[in-house]
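Letter by letter, the chains look like this.
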Amino acid sequence: MTRLRITVTGMVQGVGYRWWTRAEAQRLGVSGWVKNRLDGRVEAEAEGDEQAVAALVDWMRGGPPSATVTAIETAEVPPTGETGFRISV
């Protein structure tokens, strides 16, 4: 089980980036959360099979066509056994 905290910088707010990320995470079977930060970045935590989490991070680097990702940072955090997916503002 792998859990990452992910911070995405770029034109990712106001383009449905959180909703697209949630949909992709659910498709891959990844649990976690996604939220907009006040500084304009998007922050997420993703937990699941190592390959599924890696696939989500790869997807987040590109994201939906309307988003422009300029940087993505990841940091490992301890798994919590979380299920489901949350989105917050």
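What counts as what
Residues numbered from 1 in each chain as written. Predicted model: local features only at pLDDT ≥ 70, side-chain atom pairs only at ≥ 80, totals over all residues. Heavy atoms only, no water. Helix = DSSP H or I, 4+ residues; strand = E, 2+ residues; numbered from the N terminus. Polar contact = N/O pair within 3.5 Å; in protein donor to acceptor, adjacent residues only side chain to side chain. Contact = heavy atoms within 4.5 Å. Core = buried A, V, L, I, M, F, W, Y, C linked by side-chain atoms within 4.5 Å. Buried < 20%, exposed > 50% of the residue type's maximum accessible area, 1.4 Å probe, protein only.

### Structural notes on the side chain of Ser31
Phase 1: Among the secondary structure elements, Ser31 is positioned in strand S2 (residues 31–36).
Phase 2: Looking at Ser31, its side chain comes within polar contact range of the main-chain oxygen of Glu82, at 3.2 Å.
Phase 3: A distance of 3.4 Å separates a polar side-chain atom of Ser31 from the backbone nitrogen of Gly84.
Phase 4: Beyond its immediate sequence surroundings of up to four residues, Ser31 is in contact with Glu45, Ala46, Glu47, Glu82, Thr83, Gly84 and Phe85.

### Regarding the nonpolar core
Phase 1: Within the largest apolar cluster, 20 residues are counted, with the highest numbers of intra-cluster contacts made by Ile6, Val8, Tyr17, Val30 and Met60.
Phase 2: Put simply, the parts of the chain that give this core at least two residues each are strand S1 (2–11), helix H1 (17–28), strand S3 (42–48) and helix H2 (50–62).
Phase 3: A total of five residues in this core trace back to one element, the largest contributor, which is H2.
Phase 4: Residue contacts for Met60: discarding those within four places in its chain leaves Ile6, Val8, Tyr17, Thr21, Ala44, Val69 and Ile72.

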